[in-house]
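Structural description and commentary
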Amino acid sequence: MTQTDGLLFNPNTYDPQQFDDETRRLLRATIDFFEGQGKKRILDDDLTAQWPADFVDFVKREKLFATFLTPSEFADGDPNKRWDAARNAALSEILGFYGLTYWYTEQVTILGLGPIWQSENKDAKLKAADDLEAGEVMAFGLSEREHGADVYNTDMVLTPASEEDRAEGILYRATGEKYYIGNGNVASMVSVFGRRGDVEGQDAYVFFAANSRHENYHLIDNVVHMQIYVSTFRLENYPVRESDILHAGVEAFAAALNTVNIGKFNLCTCTIGMVEHAFYEAITHAQNRILYGNPVTDFAHVRATFVDSYARLVAMKLFSQRSVDYLRSASLDDRRYLLFNPVTKAKVTMEGETIVRSLHDVVAAKGYEKNTMFREVAQLIGALPRLEGTVHVNVGLVLKFMPNYMLNPAEYPEIPIRNDAADDVFFWNQGPTRGAGKVQFADWTPAYEEHVSIPNVARFYEQAQAFRQLLITAAPDADQQKDLDFLLNVGHLFSLIAYGQLILEQAALTGVDDDIIDQIFDFQIRDFSTYAVALHGKPTSTQAQQDWAVGAIRKPVPDAERFDRVWQRVKAHDGVYEMRQ
C-alpha cells in the first residue's frame, strides 16, 4: 500500500490514539458497520430513499448516541457517557464520510437534545437519558413553512387548558405545524418551539417536548425525496404538561440560539468527511484514466485542481480541529467560539462545495455514475451551506465580531489541544445570547508573524494588514452598513483572516510542514484577491474603497518545486482507500 502523509481520514488505518479505549472502540465499530454494509448497499439505499433503519438499529445496539450525547450528570454511573465535542466531531466526520443521511440522523438528535440538556426540567432530562439508552433519536421542532427558522415568529400556539384538562395535569393544548423537522417521523422527544396564546411579547415563548408517537401528533409528509426524513408535522390540541415544558419566556428564545451554537458546529466535520470520500474516488479514477494517450493527471490543469483541492481540504480540517479547542474551552469570560462557530458553518461548508465542484470538472461524467460515492456527495454537498442556516446568515453573524477581532484585542491564556475526556458542561449554560459585539479576541497577528518565513503566509499577512487599514481609513459608512450585499463581501474578507489564524495555530500545534502551509495560503491569497475585486465592483463602494481593493490584490508566490512535492503527496492517495462493493 502507498504511504500517504496521514492528513486525511482513512478507514483502513484509522486509530484515534488521542481518545480513551471505549471511544476508540465505538468509532472503529461505526467504521466496521458501514464497511460491512458495502458501497453498493449504501448507494442503493440512497437512490431508493430508504430510511436508514439498519443504522438506527446499530446506534441502539452499540448505545452510540447514548454514550456520545448524554452528559455525565445523567450517565447513571457509566464512565464512558459524556458530551465531548472532540469525539463528537470525530464521529461526525466518519458519518459524513459514509453518507449525509447517517450524519443527519445524529445531527437532528443533537439539536433536539439542546433545549433538553439546557433546561431546568430534570424529569425531561432523565427521560432523554433513558430514551437514548433505549436507542431512540430526537428532533428539533423550530422551523415553520411560513417563518423558516425565524425564532421571533411562530404559529405553534399553546392555549391554556380547560378545567377538565387541568384536573388531569394538562396545562396547555398546543396546535400548529412545523416544517423541515429531521427525524420527525420517529423521534421519542421533539423539542418544539411555540408561544402561549394568552401572553404577549417574549414572555410568551415556550419550548416543550412532544412525542411523535402520540395520537395528537400528525406526521404529514417527508418534504424531501431522500433517505433522511425531513418532516412536516401538525400538533392538534396536543396536551402539554408541566413535565413537558423545557423553557418559558426569554429562556426559550435563548435555548433556540444556544442549541444552534452547539449543534450546527458539526456541519463542518460532516462536510470534511463527505469531501474526503469523494477525493479518494477522484484521485484514484484520474490517476488510472488514459485520455489522448496520457494519464489524466499528466495535464497541468488537472494537477493544479488536485493540489488546490487537497490544500483546501487539509485547511478545512486544521481550522475545524482548532475550532473544537475554542468550543471546549469556552466560558462566560471567553466567548470566542461565537465567531469561530459561524465560520465553520459558512466557510468550511462553502469550501467543501468548492472542492467537489473542482473535482467534478476532472472526473466529469464519472461523477454522475450511480455506483460512485462521488455522485451522492456532489448531489448533497450543497445542502450543508444552505439547509442548516444559510451562508448569508452566518457571514452576517461573523460581521458582529469584526471590529473587536481586527482592532481591539484582549489578553487570554493559551488554548491547548482539547482531546481530553471531559464533559463540556458549559454548552448547557451559555448565558444570554446578546452582546456579540462586545466579545473580544486575542491578538490575531502573532499566529501570522510566527509563520512569515513561509512566503505565501507573509504575502497573505500583507493583505490582512491592509484589511485592518481599510476598517480604519475607509470603513463601511452608515448607508453601506444597511447594504447587506456590500457587507457580506466585507464579511468574506474578514472570514479569511480568522480562518487563516486558526489554520496556522493548528499547524503549529500538530507539526504540519511548511509545504502544505505555503500551498494553503496560495489559495488564501487568491480568494482574498477575488473578494477584493468583488468589493471594487459593488455599486455602493466608494473611491477610497475601490482604491484599497486594487491595492490589496496580490499574486501568490510561485514555487514549482513546492507544488510538485505537494502533488506527489496527493498522488500517493491513488488506490489507498476504496470501499468494497
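Notes on the structure in this doc start here.

Thresholds, definitions, all that
- In this numbering scheme, every chain counts its residues from 1 along its sequence in written order.
- For this predicted model, a pLDDT threshold of at least 70 governs which residues receive local features, and a threshold of 80 or more governs which side-chain atom pairs are given and counted, while totals over whole chains, interfaces and linings are taken from all residues.
- The side-chain numbers reported here are obtained from all heavy atoms of the structure, hydrogens and water having been left aside.
- Secondary structure elements are taken from DSSP: a helix is a run of H or I of four residues or more, a strand is a run of E of two residues or more, and numbering for both begins at the N terminus.
- When a residue's accessible area, from a 1.4 Å probe over protein chains only, is under 20% of the maximum for its type it is buried; when over 50% it is exposed; and in between it is partly exposed.
- Here a residue-residue contact requires only that any non-hydrogen atoms of the pair lie within 4.5 Å.
- Counted as positive: Lys and Arg. Counted as negative: Asp and Glu, with His and the chain ends omitted from the count.
- Here the site of a charge means atom NZ of a Lys, CZ of an Arg, CG of an Asp or CD of a Glu.
- Note on geometry: axes are C-alpha line fits, over the in-contact stretch for helices, and angles between N-to-C directions span 0 to 180 degrees.
- Any angle between 65 and 115 degrees counts as roughly perpendicular, while under 35 counts as roughly parallel, over 145 as roughly antiparallel, and the rest as oblique.
- By definition, turning the near helix anticlockwise from the far helix through less than a right angle yields a left-handed crossing, and turning it clockwise yields a right-handed one.
- In the scheme used here, Gly and all other residues not listed as nonpolar or charged are polar, with Ala, Val, Leu, Ile, Met, Phe, Trp, Tyr, Cys and Pro taken as nonpolar and Asp, Glu, Lys and Arg as charged.
- Think of a nonpolar core as a cluster: buried Ala, Val, Leu, Ile, Met, Phe, Trp, Tyr and Cys residues, connected wherever their side-chain atoms sit within 4.5 Å.
- Multiplying one less than the number of residues by 1.5 Å gives the expected span of a helix.
- Strands were regarded as paired on the criterion that DSSP finds at least two bridges between them.

1. Let's talk about the overall build of the protein
When its secondary structure is counted, the protein shows 22 helices and 10 strands. Taking the principal axes of its C-alpha atoms as reference, the protein extends roughly 80 × 60 × 40 Å. Looking at the protein as a whole, 60% of its 581 residues are labelled buried. Long-range pairs, those at least 24 residues apart, make up 79% of the contacts in the protein between residues at least 6 apart in sequence. The protein carries 56 positive and 82 negative side-chain charges, and their two centres are separated by 2 Å.

2. Examining the packing of helix 10 (residues 267-287) against helix 12 (residues 337-363)
At their nearest, the axes of helix 10 and helix 12 sit 9 Å apart, and the two run at 15 degrees to each other. By the criterion of interaxial angle, the relationship of helix 10 to helix 12 is roughly parallel. Considering the relative orientation of helix 10 and helix 12, their crossing is left-handed. Side by side, helix 10 and helix 12 meet where Leu267, Cys268, Thr271, Ile272, Val275, Phe279, Ala282, His285 and Ala286 of the first sit next to Thr344, Lys345, Val348, Thr349, Gly352, Ile355, Val356, Leu359, Val362 and Val363 of the second. Class assignment for the residues of the contact of helix 10 with helix 12 results in 13 nonpolar, five polar and one charged.

3. A short note on the nonpolar core
Of all hydrophobic cores here, the largest spans 170 residues; its most connected members are Tyr98, Trp117, Phe306, Leu339, Phe467, Ile520 and Trp548. Among the elements that line this core, the one with the most residues is helix 11 (residues 300-328), at 14 residues. Among all residues touching Phe306, those that are not within four sequence positions of it are Phe279, Ala282, Ile283, Ala286, Thr297, Leu359, Val362, Trp567 and Val570. One finds Leu158, Tyr172, Phe208 and Tyr217 within the second-largest nonpolar core, a separate group that totals 19 residues.

4. Quick notes on helix 9 (residues 250-263)
With 14 residues, helix 9 should reach 20 Å at 1.5 Å per residue; the first-to-last C-alpha distance of 20 Å fits that figure. Taken residue by residue, helix 9 has Ala252, Phe253, Ala254, Ala255, Ala256, Asn258, Thr259, Val260, Asn261, Ile262 and Gly263 as its buried positions. Packing partners of the buried residues in helix 9 comprise helix 6 (100-118), strand 1 (138-141), strand 4 (189-196), strand 5 (205-210), strand 8 (245-248) and helix 12.

5. A closer look at the environment of Pro476
As for its placement among the helices and strands, Pro476 is situated in the loop between helix 18 (455-473) and helix 19 (484-510). Sequence separation of Pro476 and Asn394 is 82 residues, and the distance between their C-alpha atoms is 19 Å. In this view, Pro476 contacts Gln481, Phe486, Leu487, Val490 and Gln545; residues no more than four positions away in its chain are not counted.

6. So, the pairing of strand 7 (residues 230-241)
The pairing of strand 3 (residues 170-182) with strand 7 spans 10 bridges and is antiparallel. Residue Arg173 lies in a different strand from strand 7, and its bridge partner there is Pro239. Pairing geometry for strand 6 (residues 217-222) and strand 7, over five bridges, is antiparallel. Bridge assignment links Asp221 to a residue of strand 7, and that residue is Thr232.

7. As for the packing of helix 6 against helix 9
With their axes 9 Å apart at the nearest point, helix 6 and helix 9 run at an angle of 135 degrees to one another. Our classification of the angle between helix 6 and helix 9 gives oblique. Seen from above, helix 6 lies across helix 9 with right-handed handedness. From helix 6, Gln107, Ile110, Leu111, Gly114, Pro115 and Gln118 reach across to helix 9, where they touch Ala254, Ala255, Asn258, Thr259, Ile262 and Gly263. Per-class residue counts for the contact of helix 6 with helix 9 are six nonpolar, six polar and no charged.

8. What to know about helix 11
The end-to-end C-alpha distance of helix 11, which contains 29 residues, comes to 43 Å, matching closely the 42 Å that a straight helix rising 1.5 Å per residue would cover. Taking burial as the measure, the 29 residues of helix 11 include 24 buried ones, the bulk of the element.

9. Some points on the pairing of strand 4
For strand 4, the buried fraction is high: six of the eight residues fall into the buried class. Judged from the four bridges that link them, strand 1 and strand 4 form a sheet pairing that is parallel. Each residue of the ladder has a partner; that of Phe140, found in strand 4, is Ser191. Bridging between strand 2 (residues 157-160) and strand 4 involves two bridges; their strand directions are parallel. Within strand 4, the residue paired with Leu158 across the bridge is Arg196.

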